[in-house]
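Spelled out from the first residue to the last, the chains are:
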Protein chains: 2
Amino acid sequence: MSSPLPIERKITLNDIAAGCGVSRATVSLVLRGSPLVNKLTRARVEDELRRQGYVYNRAAANLRSRTSSSIALVLNDLANPFFAEFAAGVDEALGAGGFVTLLGCTGESTVRERAVLGSLLEHGPAGIILSPAEHSEAHRVAAVVGRRVPLLLFNRELGGTLPEYAHWDQLMLDNQRGARLATEHLIAGGHRRIAFFGGHHDSSSCRQRRAGYLEAMLTAGLPIEPRWQVESAPTRLDAAHRTSALFEGPPAPTAAVCYNDAVALGLMLGLNQRGLRPGRDFALTGFDDIAEAALAMPPLTTLSTAPHERGRQAAQLVMQRLQQPDAASQHTIAPVELVVRESSCPPPVH
Amino acid sequence: MSSPLPIERKITLNDIAAGCGVSRATVSLVLRGSPLVNKLTRARVEDELRRQGYVYNRAAANLRSRTSSSIALVLNDLANPFFAEFAAGVDEALGAGGFVTLLGCTGESTVRERAVLGSLLEHGPAGIILSPAEHSEAHRVAAVVGRRVPLLLFNRELGGTLPEYAHWDQLMLDNQRGARLATEHLIAGGHRRIAFFGGHHDSSSCRQRRAGYLEAMLTAGLPIEPRWQVESAPTRLDAAHRTSALFEGPPAPTAAVCYNDAVALGLMLGLNQRGLRPGRDFALTGFDDIAEAALAMPPLTTLSTAPHERGRQAAQLVMQRLQQPDAASQHTIAPVELVVRESSCPPPVH
DNA sequence: CTGAAAGCGCTTACAG
DNA sequence: CTGAAAGCGCTTACAG
């Protein structure tokens, strides 16, 4: 016996125009705040908009005006707090600039990355912010993105070389300098046997951080033992498992520059399990300054990358690119800052 | 002297139709995999689509067919790993269902929540997944969302009462049962003086967890000291600061059921600073089972809520709602599971 | 200052 | 199986 619910037809410009006896064009001008409209007309239209509960259809407007009000954010790993903070920063700045964030997660899979990019492109984003999956190749990304949409590369470089037309912007961390600062800090504290621990050899950020480590070691004339270069997945768990590789034969290192905070926290765990007290028997540094770093036991010396701020910066860079599509592509290196905490103690005296 | 770059006009159905001598309508049928199209025609069209590098304009298609292929995800705090994992799960399941995620972060601000909802609605999402900001009011959310778009409430209830027309679905955690399980576990371990630590009194999830704690305490006939009910922001840092409130006068509690993992990790920190060893001198439990819980020292007993899986479930629920707009609204309570680790030791024997 | 007409890139009946 | 026409909800010249 229930009467059929009134179908929720959406209110359109036509309804508003009819409701107050003006044309669609005039309503459209009111909506976009044009100064052409007579004050009284404007007031009448605005009343009617409120009365009928009008909701602007931005997709229709974008279609007609050949504009876009969305930007795609494609991330390799949202579960990592570093990227989650970054995403929050991106969304905040895009929102302030009148854009909406189209989110896509790839979970470090290049196959999903291509699918996600393809799907998001169908929604016509004005630009793309891409933090690539591991082993993502430049030419494959270019094949799906084409030359239509400006892209900003964040955090990692792509494998292979970019097609000539792809003048993509980049926002990278100053990985080499960061790792160099961390290494120099350990050296200044008296360490001589220093390992580089964790990360995948073939990732660009790991390569750069290792280069910073090597630079500092060579400059100080310190020995670099191949055994002290330990690879791991960039996760806490795998890092914990790989801890023993550092101690496979004397002399053991007294300190380690870790690829990132996750790896450093994993190493702390591994050290504890071997009966070594991190920050007392063994010094270590991280990279990223995720929230846990300050709260670890002991607090972790690391490099602050300010991911939220990096997100805001990435959003600024793409929005800027939309203003000047033909300006030369920008390669921005975001600064990192050494945050000294207790994990980077001087070496134990025997 | 550089020749002007060829303007990147987008390829449309018209270009494809002209390119292989068929009508727009036929190309459209090919794109949507209609069985009506002749095999040879289809092949010709598909070749042409590839040749010209056609990209489907889903916004235009949605406009004409009065459909939508996006769903809005509005989150109170993306920096919290629980919500980041949730978002990853949502995005994964939406993507598999052919939807794109429109992301919006509110940072626990009800003002931004309304702005974000309003902005996302202009993009015509088919549905909304909302994890409300603290103190978000039902009638205010309803005022901006209207009755147009189905909404799924996640994690928290809204203040006030829903307008009659808002048959919103809900996906909530079984907070009360979870906290009861944690409390019973501590009681079974021999604890009698048990605190409830952290969280804001007026949040619905905190109320429910406290109710579970009280239920278990009352059932066991144990005393409930007002001093042992300590409020805090749901963050590690504030929880660490509030630790001393637990020990303001004898008898001190020997264990605490914490509002969530962040609070529990903060309490561990605070205990350490007081010279108390968590998991030996004092037992505690968390809630959420974030990644850090298993890796804390000692590992944290907590309630697993499987946020990634909850995200997938939320996505399923909204997509299901789109199939059956008029079915009765669903209130889903997601199960939580006690994960016993070393932080919930028996009480110390003096 | 306001309106009538055309069109953004698609899909949808409807003919044939 | 294919095409010509109309229309989704807007904005854009262009008249007046």
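Residues numbered from 1 in each chain as written. Chains lettered and ligands numbered in written order. Predicted model: local features only at pLDDT ≥ 70, side-chain atom pairs only at ≥ 80, totals over all residues.

Section: the overall build of chain A
Link 1 in the chain: On a plain count of helices and strands, chain A comes out with 13 helices and 12 strands.
Link 2 in the chain: Principal-axis analysis of the C-alpha atoms gives chain A an extent of 90 × 55 × 45 Å.
Link 3 in the chain: Scored against the burial criterion, the 350 residues of chain A give a buried share of 45%.
Link 4 in the chain: If you take every contact in chain A between residues at least 6 apart in sequence, the share linking residues at least 24 apart comes to 72%. (Helix = DSSP H or I, 4+ residues; strand = E, 2+ residues; numbered from the N terminus. Buried ≥ 20, exposed ≤ 12 C-beta atoms within 10 Å, placed from the backbone. Contact = placed C-beta atoms within 7 Å.)

What about the protein's contact with DNA strand D?
Link 1 in the chain: Looking at DNA strand D, there are 26 residues lining it, with L13(A), S28(A), N38(B), T41(B) and R64(B) nearest.
Link 2 in the chain: Elements that contribute at least two residues to the surface near DNA strand D include exactly α2 (24–31) and α4 (58–65) of chain A together with α2 (24–31) and α4 (58–65) of chain B.
Link 3 in the chain: Per-element tally for the surface near DNA strand D: the top contributor is α4(A), with 5 residues.
Link 4 in the chain: Here the surface near DNA strand D is composed, by residue class, of 12 nonpolar, 8 polar and 6 charged. (Near = placed C-beta within 6 Å. Nonpolar A, V, L, I, M, F, W, Y, C, P; charged D, E, K, R; others polar.)

Description of the environment of V230(B)
All names here are of chain B.
Link 1 in the chain: With respect to the element layout, V230 can be found in strand β7 (residues 229–230).
Link 2 in the chain: As for V230 and H200, which are separated by 30 residues in sequence, their C-alpha atoms are 9.3 Å apart.
Link 3 in the chain: Once residues lying within four places of it in the same chain are set aside, the contact partners of V230 are A195, F197, G198, R242, A245 and L246.

Observations concerning the interface of chain B and chain A
Link 1 in the chain: Contact residues are listed per partner, giving 44 residues for chain B and 44 residues for chain A.
Link 2 in the chain: At the level of secondary structure, the elements contributing two or more residues to the side of chain B that touches chain A comprise α4, α5 (81–96), β2 (100–105), α6 (110–121), α11 (261–273) and α12 (291–295) of chain B.
Link 3 in the chain: Among the elements that line the side of chain B that touches chain A, the one with the most residues is α5(B), at 8 residues.
Link 4 in the chain: Residue classes in the side of chain B that touches chain A are distributed as 22 nonpolar, 11 polar and 11 charged.
Link 5 in the chain: Here strand β2 (residues 100–105) of chain A runs beside β2(B); their pairing, made up of 3 bridges, is antiparallel. Bridged to L102(A) within β2(B) is L102(B). (Pairing = 2+ DSSP bridges.)

Remarks on the UniProt feature "domain: HTH lacI-type" (unreviewed entry) in chain A
Link 1 in the chain: Sites flagged by UniProt as "domain: HTH lacI-type" (unreviewed entry) map to residues 11–65 of chain A.
Link 2 in the chain: Across residues 11–65 of chain A one finds 69% helix and 0% strand; the C-alpha atoms that close the span lie 20 Å apart. (UniProt positions renumbered as here; feature names shortened; annotations may be inferred.)

Things to note about the protein's contact with DNA strand C
Link 1 in the chain: Around DNA strand C, the surrounding shell holds 26 residues, and the nearest of these are N38(A), R64(A), L13(B), S28(B) and A61(B).
Link 2 in the chain: At the level of secondary structure, the elements contributing two or more residues to the surface near DNA strand C comprise α2 and α4 of chain A together with α2 and α4 of chain B.
Link 3 in the chain: Of the residues that constitute the surface near DNA strand C, the class distribution is 12 nonpolar, 8 polar and 6 charged.

Observations regarding the environment of L181(B)
Residues and elements named next belong to chain B.
Link 1 in the chain: Topologically, L181 is positioned in helix α8 (residues 175–188).
Link 2 in the chain: For L181, a count of 19 C-beta atoms within 10 Å puts it in the partly exposed group.
Link 3 in the chain: Along the chain, L181 and T302 lie 121 residues apart, while their C-alpha atoms are 9.8 Å from each other.
Link 4 in the chain: With residues near it in sequence (within four places) discarded, L181 still touches L303 and L338.

Notes on the packing of α8(B) against helix α9 (residues 204–219) of chain B
All names here are of chain B.
Link 1 in the chain: At their nearest, the axes of α8 and α9 sit 7 Å apart, and the two run at 40 degrees to each other. Along this stretch, α8 crosses α9, giving a crossing that reads as right-handed. Where α8 approaches α9, its residues N175, Q176, R177, G178, A179, R180, T183, E184 and I187 are matched on the opposing element by S205, Q208, R209, A211, G212, Y213, E215, A216 and M217.
Link 2 in the chain: Residue composition of the contact of α8 with α9, by class: 6 nonpolar, 7 polar and 5 charged. (Axes fitted to C-alpha atoms, helices over the stretch in contact; angles between N-to-C directions. Left-handed = near helix turned anticlockwise from the far one by under 90°.)

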